[in-house]
Amino acid sequence: MMQEKAERGRFFEDFEVGQLLTHPVPRTLTHGDRALYTSLYPDRRVITSSDLFARACGLPEAPLHDLALFHIVFGKSVPDISLNAIANLGYASCRFHRPVFAGDTISAKSLVLGKKENSSRKSGIVWVRTTGLDRAGETVLEFVRWVMVAKRNPDSPTAETIIPECPDMVAVPDLPVPAGVDFMRYDFALSGEPHRLGDYRPGEMINHIDGVTVEEAEHMMATRLWQNNARVHFNAESRKDGRRLIYGGHIMSLARALTCNGLANAQLMLAMNAGAHLSPCFAGDTVRAWSHVVEIADSAVPGAGAIRLRTIASRSEPGPDHDDSDTLLDIDYWALMPL
Amino acid sequence: MMQEKAERGRFFEDFEVGQLLTHPVPRTLTHGDRALYTSLYPDRRVITSSDLFARACGLPEAPLHDLALFHIVFGKSVPDISLNAIANLGYASCRFHRPVFAGDTISAKSLVLGKKENSSRKSGIVWVRTTGLDRAGETVLEFVRWVMVAKRNPDSPTAETIIPECPDMVAVPDLPVPAGVDFMRYDFALSGEPHRLGDYRPGEMINHIDGVTVEEAEHMMATRLWQNNARVHFNAESRKDGRRLIYGGHIMSLARALTCNGLANAQLMLAMNAGAHLSPCFAGDTVRAWSHVVEIADSAVPGAGAIRLRTIASRSEPGPDHDDSDTLLDIDYWALMPL
Amino acid sequence: MMQEKAERGRFFEDFEVGQLLTHPVPRTLTHGDRALYTSLYPDRRVITSSDLFARACGLPEAPLHDLALFHIVFGKSVPDISLNAIANLGYASCRFHRPVFAGDTISAKSLVLGKKENSSRKSGIVWVRTTGLDRAGETVLEFVRWVMVAKRNPDSPTAETIIPECPDMVAVPDLPVPAGVDFMRYDFALSGEPHRLGDYRPGEMINHIDGVTVEEAEHMMATRLWQNNARVHFNAESRKDGRRLIYGGHIMSLARALTCNGLANAQLMLAMNAGAHLSPCFAGDTVRAWSHVVEIADSAVPGAGAIRLRTIASRSEPGPDHDDSDTLLDIDYWALMPL
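Note that the structure is a prediction, hence the values are computed from the model and not measured.

Caption draft 1: Spatial organisation of the interface of chain A and chain C. Facing 46 residues of chain A, the contacting portion of chain C comprises 32 residues. Of the roughly 3,500 Å² buried between chain A and chain C, counting both surfaces, carbon and sulfur atoms make up 58%. Of all residues in chain A, A:S39, A:R44 and A:I209 give up the largest surface area on contact with chain C, accounting jointly for 17% of the area buried on that side. Where chain A touches chain C, the interface holds 5 salt bridges. Our count for the contact surface shared by chain A and chain C stands at 18 residue pairs in polar contact (both at pLDDT 80 or more).

As structure tokens, this is what we get:
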């Protein structure tokens, strides 16, 4: 009598390499999303704070934070890709093609790139390339992610293993050059820090100092804002331990926000080479972050170069005594920085 | 010395049948309200998410959720009607005349329809018809509600009992036909579910699967957003048990949002036939929902029909073993669904 | 190896009287900020709720709450002034020159007015005049505040003591006359209370009735919205007691919001004569407020006068038995009220 009209999501068996999934529920961005991002994450980057500063950088107004776009596109993919995910294993080849603004309507699709059953036969890994598109159908964001997805039935036949080629990083020539962006008139007095690209050295490590203790209401409001409907984030009764797992992207945004201390001029994300959630985060945890400068490169954006960073988020302070089991997140990415 | 400039609200004795109360503090809607609704409730209906989809349905942009309008009009009525309410007993004859948008300014008024003193002489029931109006003075929403209101003085004389006629339901010919709405080009690939009106049968029951554990900060932020100033929702010291009672409308929005799983195409609410809050909800409770299809009807909206649903919210799973004392809400309503 | 690129903030030794600090990260206001203010504080003043009412008062649309502007300008000053503050001691000479609106971009600067080392030699008091400016460089807000700031080194030489002149109040002729504001068509039926300026008497005391129990998520979302990065508000591990100190401005906004009960027509703040945070507030506390009418004055705003109020926020009820150690805040300010 109880009908199954509600979608239970795809299981491992339901994915086929080459499948193109058009995700439903496109999303129009508003200034409300911008304000909520500011209230949820301590990110004080000037380009996303001031319309005037953004215009001086060639943009029509202050864009949304790049990770807001990431989360929205990710959220669109959840019902089709990861409703039955056991773990979100990693990201690669993520490129932010242009900043997005209030008024943009974002849709998303995913191409299944690969799959590999686990030896337990209870689950398998699925690789997808997810793309975010604007109303003109232009790609604004793309990334590869791989997730461990439950099998519907452990006895169903094992599919052929196809593991896609996953480059370690987005090569410098492949970094996006967001149209119109120009840092020739970049005002360091307004950005909050004097450090320009030339002030950073590969190998340098930066402690972002602050810590943020996370609350249930905050991560749920954020995750709903991205229309991510994975139930472990909302339903305290869906895990055996009675705890709500915080959406990994929430930690990503917290970490990126904390980098304002020391990397205030790493303004726009251009690409994410790799990313992994290393342990789960729960309400009450205090999140800290530090970064390593990996590489410096040129950019075709006037007045700017690219900085490659590895940012780590953890429940404990960085340093020689750091307890690695506290590490929550490790992301390797390129950001645009004024020369 | 302490002056009583602050309004303490009407008591049972202060209501007169036929009284028209013009509620203060009209409210202009913004895109900020839209974003906050998305962050507070897991509602992923495409018509309220995408301006492009809304335009393809004949609307100027994505409207606010219909229950956001309901809550704002309800909130306006609180200072005049229910500041001294003991219980919010029920709703009837609720009609959503048109979707509302950022830029609309909403005001509200209530007509006292009836009153009946309780045998205890400590309180009585008051019936009102509350109307929400746009800047042109056109009705955008109306509903009847009845509340149990405390008497100022148990010894004050008993007023004449007048119980208004309260129809069981909004009859099909009385369902609103929101101007301009057109579902002829409705895109099921974008809405998230393939089920159209013809796929539902009276008697069918739909489990909405997900559950949401509720937090204090969330329900207070929501209730303030609707400018509802009933103190039991905000002041932990106003009830003897030290708990803040969650505004019943918060549960209504949670339940309606959960119906996205299985009723994603029940896009706009047209009318609410009946509604009742069956037990109080507190932070920490996990809210679930299921629906019964009651009736299918025609609509003058091109490409659309009306589906009558009964949605139940509860602290426990639906099914034969359901504990009825967990039931929080029972609403019977009409929604617009594509053919 | 761990570089110090992140700003640790100024210590007492770093301030010089006469120094002008231009604060980074200007901020464009949006309708999202307006909605978030409504969701965070129970302020139901009609001028900030309805575009139509605001237009009838000569404004282009509903402005942001005046304290939202205060918090944003204050927040801008934190990285330069009070990152190493031990206590925020007081405010004076605060003037709200004009209401601000979505689309305004606000920047801020501070002039160091004075400094005085404490006898402990571990800290000292710094006085600054902080100014908020619009895109045209016009002052929209200014205030003096003094903070106790830690010394970097107790042994560093004692600087000359310079204590600035700090007037007790903003004199009536110095009250701002916000351009265009006109209360000649002020509609008391829409504002929620009938009390006009002539209904208040110096010496009168008004209990604002309601209480609000405060949550961690709320005060952190508010404080981030103002881009205030003082770590004691966010990091539960930054204080020995493991508690997050609530930003004092959050209490100010709560208190001002509570004054809607009895002072609904004290619409716009014109000036704050004095303000002090008398004890710390933590999540779980229930905040109440009451006000004393201090003085009534004329205003050049058509149809309006100025009311001088002293509003007290406390964890306990006002009255002869009030426990003064519960007092959180005491502010003395001028508001614009219709005649």
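Caption draft 2: Expanded view of the packing of aromatic side chains. According to the stated counting rule, one finds 31 aromatic pairs over all chains in the structure shown. Taking the centre distance of 5.1 Å and the plane angle of 55 degrees together, the rings of C:F183 and C:Y186 count as tilted. Like C:F183, the residue C:Y186 is buried in the burial classification. Aromatic rings pair up to connect A:F70, A:F74, A:Y91, A:F143 and A:Y247 into one cluster. Sitting over the face of the ring of A:F282, A:R243 holds its NZ or CZ atom 3.7 Å from the ring centroid.

Caption draft 3: Local environment of the pattern of salt bridges. Counted according to the given criterion, the structure contains 86 salt bridges over all chains. Measuring nitrogen to oxygen at the nearest pair gives 3.6 Å for the salt bridge that ties A:E61 to A:R34. Here A:E61 is found in the loop between α2 (51–56) and α3 (66–81), whereas its partner A:R34 is found in helix α1 (residues 31–40), with 27 residues between them in sequence. Two residues, B:D134 and B:R98, come together in a salt bridge whose shortest N-O distance is 3.1 Å. Remark: B:R98 occurs in the loop between β3 (85–96) and β4 (105–117) and B:D134 occurs in the loop between β5 (123–133) and β6 (139–150); sequence separation between them is 36 residues. B:D134 gets classed as buried once you look at its relative accessible area, which sits at 10%.

Caption draft 4: Main features of the relation of the copies chain A and chain C. Note on the copies: chain A fits chain C at an RMSD of 0.0 Å, the axial shift is 0.0 Å, and the rotation between them is 120 degrees. Here the two chains are linked by the operation of a three-fold rotation axis. Rotation axis and chain A: the residue whose C-alpha lies nearest the axis is A:G32, separated from it by 2.2 Å. Interface overlap between copies: only 9% of the residues of chain A at the interface are likewise at the interface in chain C, consistent with a contact formed by different surfaces.

About the cut-offs
- One numbering rule holds for all chains: residues counted from 1, following each sequence as written.
- To label them, take the chains in the order written and letter them from A, then take the ligands in the order written and number them from 1.
- For a predicted model such as this one, the threshold for reporting local features is a pLDDT of at least 70, and the threshold for listing and counting side-chain atom pairs is 80 or more; totals across whole chains, interfaces and linings nevertheless cover every residue.
- In computing side-chain properties, one takes all heavy atoms of the structure into account and sets aside hydrogens as well as water.
- The contact definition used throughout considers only heavy atoms, calling two residues in contact when any of these lie within 4.5 Å.
- Each of two parts loses accessible area, computed with a 1.4 Å probe, when they are put together; buried area is these two losses added.
- By convention in these notes, a salt bridge is any Lys or Arg side-chain nitrogen within 4 Å of a carboxyl oxygen on Asp or Glu.
- Polar contact criterion, stated in full: a pair of N or O atoms within 3.5 Å, where within protein one must be able to donate a hydrogen and the other to accept it, and residues adjacent in sequence count only if both atoms are side-chain atoms.
- Geometry of aromatic contacts follows a simple scheme: Phe, Tyr and Trp rings, the Trp one being its six-membered ring, pair when their centres are within 6.5 Å, and the pair is stacked under 30 degrees between planes, edge-to-face over 60, tilted otherwise.
- Each residue's exposure class comes from its accessible area (1.4 Å probe, protein chains only) as a fraction of the maximum for that residue type: buried when under 20%, exposed when over 50%, partly exposed otherwise.
- Definition used: whenever NZ (Lys) or CZ (Arg) falls within 6 Å of the ring centre and also within 35 degrees of the ring normal, the charge is taken to sit over that ring.
- Helix and strand assignments follow DSSP, with helices taken as H or I runs no shorter than four residues and strands as E runs no shorter than two, numbered in order from the N terminus.
- Here the copies are matched by least squares. The fit uses the C-alpha atoms of residues with pLDDT of at least 70 in both.

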